[in-house]
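# Descriptive analysis of the structure
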Amino acid sequence: AQSVTQPDIHITVSEGASLELRCNYSYGATPYLFWYVQSPGQGLQLLLKYFSGDTLVQGIKGFEAEFKRSQSSFNLRKPSVHWSDAAEYFCAVVLTGGGNKLTFGTGTQLKVEL
Amino acid sequence: GAVVSQHPSRVICKSGTSVKIECRSLDFQATTMFWYRQFPKQSLMLMATSNEGSKATYEQGVEKDKFLINHASLTLSTLTVTSAHPEDSSFYICSAGGQGIQETQYFGPGTRLLVL
């Protein structure tokens, strides 16, 4: 079945430590890939997106993600996490020919320990 | 960046009543708005896509007569939950953008609906 999977429901890291959030997709063709962050009281904010080209994508707030076709993955990374990064992170896809309809993963809740 | 607002942010209503949620794009015109529903600790599920001046397109399993969507202008879409029941309690989120894949969607902060 077609799906977007975020294997980690919760992740806790110490401030200053590196971070990697996993995202895998299961579709016949490579979809367009996105990472969003959801903070309480705020709308989802786009961190970065991948459509084509360079497989390492830079985003806002120091985040980056790498598309790996062989692994059907689009993992989000940050070298040094700040306490303000604590939030819910969603991986999302748009299928080719699917208009602009986003399909979201189940999300990963990030907790940052000071 | 572009700002999308939702009103109200929270609403409590009695079972059987109808509730209207507004989604506004404050500083841009949105040809397309999307409505999502998010259950606690779960992902966002797309309910419908609304295009200005035309009927909304509902996702499979979403009752169009229960969740009425109106997109009367390029800056306003409304979602009306008719004859609400406790199982309709949820977090409703809208986004605004264009129809093209490469057009970024901008999300509202969400509306928490509790039906008693």
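Scroll up for the structure.
The structure displayed is predicted, hence computed values, not measured ones.

Whether parallel or antiparallel, the strands of a sheet pair through hydrogen bonds between backbone atoms. All names here are of chain B. Across the sheet, which stays open at both edges, the four strands sit in the order β1-β3-β8-β7 with antiparallel pairing between neighbours. Every other strand in the sheet has two partners, leaving β1 (4-7) and β7 (67-73) as the edge strands with one partner each. Shown here is a sheet whose adjacent strand axes are inclined to one another by a mean of 15°, direction ignored. With five bridges connecting them, β7 and strand β8 (residues 76-81) associate as antiparallel partners.

With 22 residues of chain B in contact, the opposing surface of chain A contributes 22 residues. For the pairing of chain B and chain A, the buried interface totals around 1600 Å² over both sides, and the portion due to carbon and sulfur atoms is 56%. Between Glu59(B) and Lys101(A) there is a salt bridge; the shortest N-O distance is 2.9 Å. Linking chain B to chain A there are five residue pairs in polar contact (both at pLDDT 80 or more). Only β4 (32-38), β5 (44-51) and β9 (90-97) of chain B provide two or more residues apiece to the side of chain B that touches chain A. Of the residues belonging to the side of chain B that touches chain A, the class tally is nine nonpolar, eleven polar and two charged.

Here the distance between the centres and the angle between the planes together describe a pair of aromatic rings. Inspection of the entire model under this criterion finds 15 aromatic pairs over all chains. Plain terms: the ring middles of Tyr32(A) and Phe51(A) are 5.0 Å apart, the flat faces sit at 90° to each other, and that makes the pair edge-to-face. Of this pair, Tyr32(A) sits in strand β5 (residues 32-38) while Phe51(A) sits in the loop between β6 (45-50) and β7 (56-58), and the two are 19 residues apart along the sequence. A single burial state applies to Tyr32(A) and to Phe51(A), both of which are buried. Consider the rings of Phe63(A) and Tyr89(A), whose centres lie 5.7 Å apart with planes at 50°: the pair is tilted. With Phe63(A) in the loop between β7 and β8 (64-68) and Tyr89(A) in strand β10 (residues 87-94), this residue pair connects regions lying 26 residues apart in the sequence. Neither Phe63(A) nor Tyr89(A) differs from the other in exposure class; each is buried. Each member of the aromatic cluster is reached from another via a ring pair, and the members are Tyr32(A), Phe34(A), Tyr36(A), Phe51(A), Phe90(A), Phe104(A), Tyr36(B) and Phe107(B).

Calculation rules
Residues numbered from 1 in each chain as written. Chains lettered and ligands numbered in written order. Predicted model: local features only at pLDDT ≥ 70, side-chain atom pairs only at ≥ 80, totals over all residues. Heavy atoms only, no water. Pairing = 2+ DSSP bridges. Helix = DSSP H or I, 4+ residues; strand = E, 2+ residues; numbered from the N terminus. Axes fitted to C-alpha atoms, helices over the stretch in contact; angles between N-to-C directions. Contact = heavy atoms within 4.5 Å. Buried area = accessible area lost by both parts, 1.4 Å probe. Salt bridge = Lys/Arg side-chain N within 4 Å of Asp/Glu carboxyl O. Polar contact = N/O pair within 3.5 Å; in protein donor to acceptor, adjacent residues only side chain to side chain. Nonpolar A, V, L, I, M, F, W, Y, C, P; charged D, E, K, R; others polar. Phe/Tyr/Trp six-rings, centres within 6.5 Å; stacked < 30°, edge-to-face > 60°. Buried < 20%, exposed > 50% of the residue type's maximum accessible area, 1.4 Å probe, protein only.

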